[in-house]
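One letter stands for each residue in the lines below.
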Amino acid sequence: MPDITTRDTVILGSGCSGLTAAIYAARSNLKPLVLEGHEPGGQLSITTLVENFPGWPEGIQGPELIENMKQQATRFGAELRMSHLSSVDLSRSPFVLQVGKEIIHTRTLIIASGASARWLNLPSEQALIGHGVSSCATCDGFFASGKEIAVIGGGDSAMEEAMFLTRFATKVTLINRTERFRASKIMLERAMAHPKIQFLSNTTVEEVLGVEEKDVKGLRLKSRVTGDEFILPVSFMFLGIGHIPNASAFKGVLDLDEDGYIRTTNNVFTTLNGNIVPGVYACGDIQDRRYRQAITAAGSGCMAALEVEKYLEEHGH
Ligand code: NDP
């Protein structure tokens, strides 16, 4: 027999939004269960210095910020569990969550499962993940020690990765597919001013070389201006090309937009066929394609928890 438990609220995801929701829900004595998901701690746990989270004038390391939030949530009674959602039934109340072999019943649900790194999806890239291809500079930067490497992308992630990797690599080539950089001015300028970083714009990656050797040997690149192909001899490729929302479990269950982000109205209310789904809220990067900041994720996590409280009160719990 599966274990049946009814909760006031379950939070999917343990990044900035999920943990903020957990702090608020726990302080309201709702004893939230947080399912930490595939990437515990979310994107902050694989980032380096966060300089724009209010309250830390000198910045704070992403993993430390997450650890602080976890401690703050558990101190008030949140339960964190290293597991993730398999499937969900929102047509019944309480909602039914399948988590591995366990069934959990919950009166409300906060979806804060964030977004995961995007890949180029070249067969050669996929074959070499873990063998010189990585989407996490913080995790794998050390392996680039003493090597010439490439970073793909033109946004803040790519700039941040490139800067971070200069600690290890002898040379970093940043490859952007267009001429336009999405990165903020300050981060772009920092990367451009760095003596170890060189920029290649209007250039796409056609193939990662080294599949047979099981070790990255270089990149076959193509100029989008001349159409010419050329080889860049690097030993590591880091991706910094954005993220994909982790919302596949909600396809057909909630309204998603064309890129798979959960649609919300009034910040955190989820919908199905345009109608609000009572008791189900989404916060953080899974529903935010515009701001995508730690502080906005935290803000929407707070809103989701306050809505949960209001909903439970209104329904006599
Ligand atoms: P962005 O969406 O901002 O940038 C993605 C980059 O990857 C773009 O240059 C895009 O190119 C490129 N790209 C996407 N798909 C491909 C592809 N298939 N092949 C080649 N290039 C591709 O994502 P980020 O992760 O950089 O940033 C997300 C958010 O997080 C932003 O709001 C950013 O400001 C924030 N952030 C803040 C940081 C900080 O303040 N410390 C650090 C990191 C992120 P194109 O423009 O052509 O689409």
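Source: prediction; values computed, not measured. (Residues numbered from 1 in each chain as written. Predicted model: local features only at pLDDT ≥ 70, side-chain atom pairs only at ≥ 80, totals over all residues. Heavy atoms only, no water.)

J.: Just to check I follow, could you spell out the sheet that holds strand E11 (residues 148-152) for this structure?
T.: Strand pairing within a sheet occurs via backbone hydrogen bonds; the two strands may be parallel or antiparallel. Pairing is parallel across the open sheet formed by 5 strands, whose spatial order is E10-E17-E11-E12-E13. On the outer flanks of this sheet lie strand E10 (133-134) and strand E13 (197-200), each paired with one strand and no other. Relative to E13, strand E12 (residues 171-175) runs parallel, the two sharing 4 bridges. Its bridge partner being in E13, Thr-173 is matched across the sheet by Gln-198. Sheet contacts for helix H5 (residues 156-165): E11, E12, E13 and strand E17 (236-239); angle to E11, the most-contacted strand, approximately 165°. (Pairing = 2+ DSSP bridges. Helix = DSSP H or I, 4+ residues; strand = E, 2+ residues; numbered from the N terminus. Contact = heavy atoms within 4.5 Å. Axes fitted to C-alpha atoms, helices over the stretch in contact; angles between N-to-C directions.)

J.: Just checking my understanding: could you explain the domain arrangement of the chain for this structure?
T.: The parts lose accessible area when they come together, and the size of an interface is often stated as this lost area. You can read the domains of the chain as domain 1 (6-116 + 243-314) and domain 2 (119-239). Placing a centre on the C-alpha atoms of domain 1 and another on those of domain 2 gives a separation of 32 Å. Taken together, the 6 residues of domain 1 in the interface contact 7 residues of domain 2. A combined buried area of about 510 Å² lies between domain 1 and domain 2, and 45% of that area is made up of carbon and sulfur atoms. The partner of Arg-190 in a salt bridge is Glu-51, and the shortest N-O contact between them spans 3.4 Å. Where domain 1 packs against domain 2, one counts 1 residue pair in polar contact (both at pLDDT 80 or more). Looking at side-chain class alone, the side of domain 1 that touches domain 2 contains 2 nonpolar, 3 polar and 1 charged residues. (Domains from an automatic or database assignment. Buried area = accessible area lost by both parts, 1.4 Å probe. Salt bridge = Lys/Arg side-chain N within 4 Å of Asp/Glu carboxyl O. Polar contact = N/O pair within 3.5 Å; in protein donor to acceptor, adjacent residues only side chain to side chain. Nonpolar A, V, L, I, M, F, W, Y, C, P; charged D, E, K, R; others polar.)

J.: What is the right way to read the state of the cysteines from this model?
T.: Here is the idea: a disulfide is a covalent bond, and it sits between the sulfur atoms of two cysteines. Taken as a whole and judged by the stated rule, the model has 0 disulfides. Free of any disulfide, Cys-16 has its nearest cysteine sulfur in Cys-283, 10.0 Å distant. Not engaged in a disulfide, the cysteine Cys-302 finds its nearest cysteine sulfur in Cys-283; these two sulfurs lie 9.9 Å apart. Of the residues examined, Cys-302 reaches a relative accessible area of 15% and is grouped as buried. (Disulfide = S-S within 2.5 Å. Buried < 20%, exposed > 50% of the residue type's maximum accessible area, 1.4 Å probe, protein only.)

J.: How should I be thinking about the nonpolar core in this particular structure?
T.: Looking at soluble globular proteins, one finds that nonpolar side chains tend to be buried together. Membership of the largest hydrophobic core comes to 33 residues, with the highest contact counts inside it found for Cys-16, Leu-44, Phe-53, Met-69, Ile-110 and Tyr-281. For this core, the secondary structure elements donating two or more residues are helix H1 (16-27), helix H2 (62-75) and helix H7 (294-314). Counting 21 residues, the second-largest nonpolar core is a separate cluster that includes Leu-12, Leu-109, Ala-247 and Val-280. (Core = buried A, V, L, I, M, F, W, Y, C linked by side-chain atoms within 4.5 Å.)

J.: Quick question: what am I supposed to make of the packing of H1 against H2 here?
T.: In a packed pair of helices, the relevant descriptors are the angle between the two axes and the axis-to-axis distance. Orientation of H1 relative to H2, taken along the N-to-C sense of each, is 25°, at an axis distance of 8 Å. Viewed along their axes, H1 and H2 adopt a mutual orientation that is roughly parallel. Between H1 and H2 lies a crossing whose hand is left-handed. Contacts between H1 and H2 involve Cys-16, Leu-19, Thr-20, Ala-22, Ile-23 and Ala-26 from the former and Ile-66, Met-69, Lys-70, Gln-72 and Ala-73 from the latter. (Parallel < 35°, antiparallel > 145°, perpendicular 65-115°, else oblique. Left-handed = near helix turned anticlockwise from the far one by under 90°.)

J.: Would you mind showing me how to read the packing of H5 against helix H6 (residues 185-193) here?
T.: The N-to-C vectors of H5 and H6 enclose an angle of 35°; their axes lie 9 Å apart at closest approach. Taken as a pair, H5 and H6 cross one another with a handedness that is left-handed. Where H5 approaches H6, its residues Asp-156, Met-159, Glu-160 and Met-163 are matched on the opposing element by Met-187, Leu-188, Arg-190 and Ala-191. Taken together, the residues that form the contact of H5 with H6 break down as 5 nonpolar, no polar and 3 charged.

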